[in-house]
Amino acid sequence: MSSLFQLECPSCRHAHGDGTTIFCDDCFTPLEVAYDLPRVREEMTRSVIESRPLDIWRYRELLPVPADAQTELPVGFTPLLAAPSLGRQLGSQHLLLKNDSACFPTLSFKDRVVAVALAAARSFGFTVVGCASTGNLANAVAAQAARLGLEAWILVPRDLEPAKLLATAVYGAKLVRVEGNYDQVNRLCAEIAERHRWGFVNVNLRAYYAEGSKTVAFEIAEQLGWRLPDNVVVPMAGGAQISRIAKGFRELVALGLVADHPVRLFGAQAAGCSPIAAAAQQGRSEIVPEQPRTLCHSLAIGDPADGYRALRVMRDSGGSAESATDDEIIQGMRLLAETEGIFGETAAGVTVAGAAKLLAQGRIAPQQTTVLCVTGNGLKTTDALAGRLSLGPTVRPRIAEFEALLEEQAVAV
Ligand SMILES: *Cc1c(COP(=O)(O)O)cnc(C)c1O
Ligand SMILES: [Zn+2]
């Protein structure tokens, strides 16, 4: 191959060039991107990476974009933060947060996958792009398509959070609300992609999209001083992120950019939609699709496209999965905010609640380095908290009323 990457069948290893083929002609396995690692190794050293701007494109030789792709959007390179207070609450002495609630431009980890998918879309000459989304993907496609001058068609389940609908429509994207759940939206998008020459980021561009998730792994390793952590806890929807984080760590080891070290991958899902976590907990290798019933819309995928990959990376790494009820999700969001000052979305509540159980059960050891992936911003899912927090008393603008209030509260304590 002349470029550094191509699509390859992970099952029969048949090469398929770089295009928008989804499945292997020979065995119908979904294709993945493979790299010419010896050549990448020559071009991408630690010092080359460190000399580049702080965004996902510093790892460009390990992303499926042409060498001349315009990659000017400063997506990613979000903070990796120590979380000592949350760690004390959960029983971890070395807890870190990968904070994609601050990802540019739309405050979720989906900005990473969309940046890569749209770079691929442009290289294939698509002028119309789209997605099936549970919310964050809609925001990211709409924003980045606007910036790149692409037309965007966004299909979502009708009952999405108002903030996520607004934060899609504002970019001038063509938003379509479908009376059905995400899996029905996704099937409709697959049919549209067959009829129209449109690039759907998570359908016919899915192999490229999924690769964007690896940048979380690259950044974690670099931010730890070119070291791998012991454990990573990742919220799962379609299962692309957790499986590609594992792929990212493997590629860094293969390139000699980090020393080999076992990283256990743990997945977290909402109890009301946990097809991957349930299969992992029951030791099954088949995913049984579910009808989502959870306030965590961003993870509400009942028939996950990368579910079997997610299962495999959890099993092979010695990790496992946990789920969280709606009440536990809210508690997780509040705990994260109160201890570390980070307002993550419902998916962050799932991750914190899942990590709490894994630590309590001793499946994650307290002294190990554990990274929790905070994948989206709480300002987009405020509805989940509506009616659950006191918004405070009201007073007239008089000092006497304020002092009375102080006294009342002192008595109450
Ligand atoms: C999409 C999404 C995920 C999960 O991503 P998958 O790759 O589909 O498993 C996690 N968190 C948030 C906030 C998301 O929007
Ligand atoms: Zn094959």
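Everything here concerns the structure above.
First things first, this report covers the structure right here in the doc. Residue numbering note: each chain is counted from 1, following its sequence as written. As a convention, the first chain written is A and the first ligand written is 1, with the rest following in written order. Only residues with pLDDT of 70 or above have their local features reported here, since the model is predicted, and side-chain atom pairs are shown and tallied only from 80 upward, although totals for entire chains, interfaces and linings are computed over all residues. Heavy atoms from the whole structure form the basis of all side-chain values; hydrogens and water molecules are not counted.

What follows concerns unusual backbone geometry. With an omega dihedral of 0°, the bond running from Phe104 to Pro105 counts as a cis peptide bond. The numbering of helices and of strands both runs from the N terminus, where a helix is a DSSP run of H or I of at least 4 residues and a strand a run of E of at least 2. Tracing the chain through its elements places Pro105 in the loop between strand S4 (95–99) and helix H4 (110–123). The backbone of Trp226 shows a phi angle near 55°, a positive value even though the residue is not glycine. By the secondary structure assignment, Trp226 is in the loop between helix H9 (214–223) and strand S9 (231–235).

The next subject is the site of ligand 1. Residues are counted as near a molecule or strand when any one of their heavy atoms sits within 4 Å of it. Near ligand 1, the surroundings consist of 15 residues, among which Lys110, Gly238, Gly239, Gln241 and Thr375 are the closest. Polar contacts here mean pairs of N or O atoms no more than 3.5 Å apart (in protein, one a potential hydrogen donor and the other a potential acceptor; neighbouring residues in sequence count only if both atoms are side-chain atoms). Between ligand 1 and Lys110 there is a distance of 2.8 Å, counted from an oxygen atom to a side-chain nitrogen or oxygen. One of the backbone N or O atoms of Gly239 is found 2.8 Å from an oxygen atom in ligand 1. Only the protein chains shown count as cover for residues, with accessible areas throughout obtained via the Shrake-Rupley method and a probe of 1.4 Å. For ligand 1, whose free accessible area comes to 380 Å², the fraction covered by protein is 98%.

Nine residue types can take part in a nonpolar core, namely buried Ala, Val, Leu, Ile, Met, Phe, Trp, Tyr and Cys, and a core is a set of them joined through side-chain atoms within 4.5 Å. Type-normalised accessible area, obtained with a 1.4 Å probe on protein chains alone, sets the label of each residue: buried when under 20%, exposed when over 50%, and partly exposed for intermediate values. Among the nonpolar cores identified, the biggest contains 79 residues, and Val141 and Ile154 are the most heavily contacted of them. Considering every element that reaches this core, the biggest residue donor is helix H5 (residues 136–148), with seven residues. Contacts are assigned to residue pairs that have any heavy atoms within 4.5 Å of one another. Beyond its immediate chain neighbours, meaning those up to four positions away, Val141 contacts Val114, Leu118, Val129, Cys131, Ala152, Ile154 and Val201.

Further remarks concern the pattern of salt bridges. Here a salt bridge means any side-chain nitrogen of Lys or Arg lying within 4 Å of a carboxyl oxygen belonging to Asp or Glu. Inspection of the entire model under this criterion finds 25 salt bridges. Between Glu161 and Lys164 there is a salt bridge, and its shortest N-O distance comes to 3.8 Å. On the basis of relative accessibility, which here comes to 4%, the residue Glu161 falls in the buried class. Here Arg244 makes a salt bridge to Asp306, at a shortest N to O gap of 3.3 Å. One end of the pair, Arg244, is in helix H10 (residues 240–254); the other, Asp306, is in the loop between helix H11 (275–281) and helix H12 (307–317), and 62 residues separate them in sequence. Accessibility assignment for this pair places Arg244 and Asp306 in one class, buried. Through salt bridges with shared partners, a single ionic network connects Glu32, Arg206, Arg244, Asp306 and Arg309.

Where two aromatic rings form a pair, the distance of their centres and the angle of their planes describe that pair. Between 30 and 60 degrees the pair is tilted, below 30 it is stacked and above 60 it is edge-to-face, where a pair is any two Phe, Tyr or Trp rings, Trp via its six-membered ring, whose centres lie within 6.5 Å. In total, this model carries six aromatic pairs according to the counting rule given. Judged by centre distance (4.5 Å) and plane angle (15°), the ring pair of Phe23 and Phe28 falls under stacked. Each residue in the set Trp153, Trp198 and Phe200 is aromatic and connected to the rest through ring pairs, giving one cluster. Whether a charge sits over a ring comes down to the Lys NZ or Arg CZ being within 6 Å of the ring centre and within 35 degrees of the ring normal. Directly above the ring of Phe77 sits Lys98, whose terminal nitrogen or CZ lies 5.9 Å from the centroid. When the ring centre of Phe126 is taken as origin, the NZ or CZ atom of Arg197, which lies over that ring, is 4.5 Å away.

In this listing, donors mean N, O and S atoms no farther than 2.8 Å from the metal, or 3.2 Å for Na, K and Ca; water is missing from the atoms, so a site can look incomplete. Cys9 (SG), Cys12 (SG), Cys24 (SG) and Cys27 (SG) make up the full set of protein donors to the zinc ion (ligand 2), lying at 2.2 to 2.3 Å. Here the zinc ion (ligand 2) binds four donor atoms, and the angle range of 99 to 125° at the metal identifies the geometry as tetrahedral. Ordering the donors of the zinc ion (ligand 2) by residue number gives the pattern C-x2-C-x11-C-x2-C. Of this pair, Cys12 sits in the loop between strand S1 (5–8) and strand S2 (32–35) while Cys27 sits in the loop between S1 and S2, placing them 15 residues apart in sequence. Under the relative-accessibility criterion, Cys12 is labelled partly exposed at 35%. The exposure class of Cys27 is partly exposed, given its relative accessible area of 32%. Site shape is set this way: if four donors have all angles between 85 and 135 degrees, tetrahedral; if opposite donors are over 155 degrees apart and all others between 65 and 115, square planar for four donors and octahedral for six; otherwise irregular.

Here we come to helix H6 (residues 162–169). For H6, the full list of buried residues reads Lys164, Leu165 and Thr168. All buried residues of H6 project into a common sector of 100° when viewed along the axis, lining one side. Directions are taken from the helix axis to each C-beta atom, and the arc is the one they span.

Attention now moves to the sheet that holds strand S3 (residues 80–82). Two strands qualify as a pair provided that DSSP identifies no fewer than 2 bridges between them. As summarised here, the arrangement of the six strands in space is S3-S4-S12-S9-S10-S11, forming an open sheet in which the pairing is mixed. Of all strands in the sheet, those with a lone pairing partner are S3 and strand S11 (321–324), marking the two edges. If you compare each strand with its neighbour and ignore which way they point, the axes differ by 25° on average. Working convention: axes come from line fits to C-alpha atoms, limited for helices to the stretch in contact. Angles between N-to-C directions cover 0 to 180 degrees. Lying over the sheet, helix H14 (residues 346–360) contacts S9, strand S10 (264–270), S11 and strand S12 (370–374), oriented at roughly 120° with respect to S11.

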